Amino acid sequence: MAKTTAEPLTIQEICRNLMEEPPVPVLERRLDRSMELKRRAEKLIPSCSQTFSKGPSQFVQGIAPVYLERGSGCTVWDVDGNSYLDYCMALGAVLLGYGDSRVSQAVSVQMKQGTVFTLSHPLEVELSETLRRLIPCAEMVRFGKNGSDVTSAAVRLARGFTGREMIACCGYHGWQDWYIGATTRNRGVPEPVARLTKTFKYNDLGSLEELFRQYPGKIAAVIMEPVGLVEPKPGFLEGVQKLARKNEALLVFDEMVTGFRFGTGGAQQYFGVTPDMACFGKGMANGMAVSAIVGRRDVMELFDEIFFSFTFAGETASLAAALATLQALEEPGVLEGIWARGRQIQEGYNLLAESYGLKGETECVGLPPRTGISFHPDETALAMKTFVQQECIKRGYLFTGAHNLCAAHNEQAVESVLRIYRTVLELLAARIRDGALLCSLEGPVIQPVFRKM
Ligand SMILES: Cc1ncc(COP(=O)(O)O)c(C=O)c1O
C-alpha cells in the first residue's frame, strides 16, 4: 500500500530513495582567505590553533577550510563565504544549534548588566539549584570554565577526601598533568605525576580489578566517561561502582560529552548508576564557556579546604547561557528529537555502507545522541577517513567523523548528510576496489590525536 504524505518514511525507504538519486556534485569553492589567515597564523600560533582537534592536522589541507566565521542552526560559514553542514558542533559544545536566539538573548541581557563583579552573582545559586534538580548525584555544585578545570578539581578533591594519590581513569579527561601524563602526548609532565594515573579498559572490569589489586589502598578515584562510542555491557557500570565502593575509592563520571545530550540528568540518569561526583561542560551553555563539578554533599563540602578558585569562575553571561540552554532542553520533544535523528543517521549510514559492500570497512558506532564513524583495518583507517572527509567537504559537509547531535539537526539535516554519505561511500567503495585510495587523496593523511600505546 502506498504511504500517505503524513506518514514519515522509514530509514530504509529514505536510503533506497537516495540511492536512486544522482550523486551529489562537488561544489565550487575558494579558500583564499582561509589560506591567507593560515599563512599568518603559522608565523604566530603554534599548531595554528588553540584546540588540537580544530587544527590543520585534523583536516585535509588544501580541501578543508581552516577558519570558520559564523554559524546558524547546524550550518557554518567559512571566512570565504562557503557554507557547510556541521555535525561536530564545536566538539559537542553546541547542543541547541549555533546562534540559538534564546541563548543569545540571555547572554546579551547579561552582557549589558556585567559579566564579572567583586562579589558572587545570584545566577550561581539559580544554576546550582537547576543542576541539583536535574542531575541525580548533584547535592552540591561548583563551576569552572573548561572541562579540564572540573575533571582536575574532581581529582584534587578525591585525593583530599581519601588521603590517597593514585587515579584510575578510562576515556579522555582534558589537558592537565594528572591525565595527559598517562597518554602518548605526555611531554612536559613530571614522571612522578604521570606515574600516579593508571588507565583501565572500558567494558573490562578485570582491568580495573587488576589496578586495585596492584595498588591496594592507593587509588583515590575512578574517573571515567560513562559511555564513549561503545555501549556498556550489561552490569559494567554497576560493576565499576561496586569495585570503587569495595576499595573505598570515589567514582567520578566525566559527563563532558554525555552531559545533557543523553538527557537532562546526564548518562548517569540514562544508565541508572549514580556516581559520587560528575563533571559537566561542553553543551551545557550552547557554546559559552562554563563547566560544573557536582556531587555528594560530604565530598563536595571539602571544597572549603581544597583550593579551586579563579577570576572568571562564575562569569555571568555563561551562567545565563547555561540556564537558557537547560530550559530549552527541558522543553517537550527536544531530547527525544536528538535521539531520534541520531538513530536515523546511525542506521542510515550503516545501511548505506552495507549497500556499497563496506560493512567490514566502516561503521557508525555509539549511542544515537553521539556517534562516530570508525574505519577498518587500522593500517588504512586514517587514509579512508581522510578520503571520506575530503569528499564530504567538497560537497558541503564538514566531516570530522563525529556526530554530536543537536536540537537543530532536523529531518532535512538528516537527509542532507545521508545524501552526501551515499555519494561518498559509493566513491570510497570504488577506490578500495580499484586499489586507488591513496592516490585519490588530495592532501596529507590526517593525524591521530594520540598514537596507539
Ligand atoms: C570526556 C571529556 N572530558 C574532558 C574534556 C576536557 O574538556 P575541555 O577541553 O573543555 O577542557 C573533554 C574535551 O574534549 C572531554 O571530551
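Residues numbered from 1 in each chain as written. Predicted model: local features only at pLDDT ≥ 70, side-chain atom pairs only at ≥ 80, totals over all residues. Heavy atoms only, no water.

Draft legend 1. Focus on the site of the ligand. Around the ligand sit Asn-146, Gly-147, Ser-148, Tyr-172, His-173, Gly-174, Glu-225, Asp-254, Met-256, Val-257 and Lys-282, and those are all the residues in its vicinity. Here an oxygen atom of the ligand sits 2.5 Å away from a polar atom, N or O, in the side chain of Ser-148. Surface burial for the ligand is 81%, taken as the share of its 390 Å² of free accessible area covered by protein chains. By residue class, the composition of the shell around the ligand is three nonpolar, five polar and three charged. (Near = heavy atom within 4 Å. Polar contact = N/O pair within 3.5 Å; in protein donor to acceptor, adjacent residues only side chain to side chain. Areas by Shrake-Rupley, 256 points an atom, 1.4 Å probe, with all protein chains shown as cover. Nonpolar A, V, L, I, M, F, W, Y, C, P; charged D, E, K, R; others polar.)

Draft legend 2. Spatial organisation of the sheet that holds strand E13 (residues 402-404). With respect to topology, three strands assemble into an open sheet ordered E11-E12-E13, the strand pairing being antiparallel. At either end of the open sheet lies a strand with only one pairing partner, and these are strand E11 (362-367) and E13. For this sheet, the mean angle separating the axes of adjacent strands, direction not counted, is 15°. Looking at chain direction, strand E12 (residues 370-375) and E13 are connected through three bridges and run antiparallel. Bridging across to E13, Arg-370 finds its partner in Asn-404. Against the sheet, helix H14 (residues 334-355) engages E11, E12 and E13, with an angle of about 160° to E11. (Pairing = 2+ DSSP bridges. Helix = DSSP H or I, 4+ residues; strand = E, 2+ residues; numbered from the N terminus. Axes fitted to C-alpha atoms, helices over the stretch in contact; angles between N-to-C directions. Contact = heavy atoms within 4.5 Å.)

Draft legend 3. How the structure looks around helix H10 (residues 236-246). Along H10, the positions that sit buried rather than exposed are Phe-236, Leu-237, Gly-239, Val-240, Gln-241, Leu-243 and Ala-244. Lining the buried residues of H10 we find helix H9 (205-214), strand E7 (219-224), strand E8 (250-254) and helix H11 (266-271). Two residues or fewer after H10 comes Glu-248, characterised by a positive phi angle close to 55°. (Buried < 20%, exposed > 50% of the residue type's maximum accessible area, 1.4 Å probe, protein only.)

Draft legend 4. Expanded view of the domain arrangement of the protein. Per the domain assignment, the segments of the protein are domain 1 (11-98 + 333-440) and domain 2 (101-329). On a C-alpha basis, the centroid separation for the pair domain 1 and domain 2 is 29 Å. The partner domain 2 presents 24 residues to the 21 residues of domain 1 that form the contact. Roughly 2000 Å² is buried in total at the junction of domain 1 and domain 2, and carbon and sulfur atoms are behind 64% of that figure. On the domain 1 side of the contact with domain 2, Leu-96, Leu-367 and Arg-370 bury the most area, a combined 34% of that side's loss. Inspection of the domain 1/domain 2 interface yields one salt bridge. For Glu-225, the salt bridge goes to Arg-370, with nearest N and O atoms at 3.9 Å. Counting across the interface, domain 1 meets domain 2 through 10 residue pairs in polar contact (both at pLDDT 80 or more). Listing elements by their share of the side of domain 1 that touches domain 2, those giving two or more residues are helix H3 (89-92), H14, E11 and E12. (Domains from an automatic or database assignment. Buried area = accessible area lost by both parts, 1.4 Å probe. Salt bridge = Lys/Arg side-chain N within 4 Å of Asp/Glu carboxyl O.)

Draft legend 5. Inspection of the pattern of salt bridges at higher detail. Evaluated as defined, the whole model comprises 20 salt bridges. Note that Glu-191 and Arg-195 form a salt bridge whose closest N and O atoms lie 3.4 Å from each other. When its relative accessible area of 46% is taken as the criterion, Arg-195 is described as partly exposed. Between Arg-419 and Glu-415 there is a salt bridge, and its shortest N-O distance comes to 3.2 Å. With Arg-419 and Glu-415 both in helix H16 (residues 411-434) and four residues apart, the pair spans about one turn of that helix. The exposure class assigned to Glu-415 is partly exposed, which follows from its relative accessible area of 32%. A network of salt bridges, in which partner residues are shared, links Glu-391, Lys-394, Arg-395 and Glu-442.

Draft legend 6. Molecular detail of the nonpolar core. With 111 residues, the main nonpolar core has Leu-131, Met-284, Val-294 and Tyr-421 as its most contacted residues. For this core, the domains that each give at least three residues are domain 1 (11-98 + 333-440) and domain 2 (101-329). The contact partners of Met-284, leaving out residues within four places of it in the chain, are Leu-127, Leu-131, Phe-143, Phe-260, Val-290, Ser-291, Ala-292, Ala-322, Thr-325 and Leu-326. In this structure, Tyr-179, Ile-223, Met-277 and Ile-306 belong to the second largest nonpolar core, which totals 27 residues. (Core = buried A, V, L, I, M, F, W, Y, C linked by side-chain atoms within 4.5 Å.)

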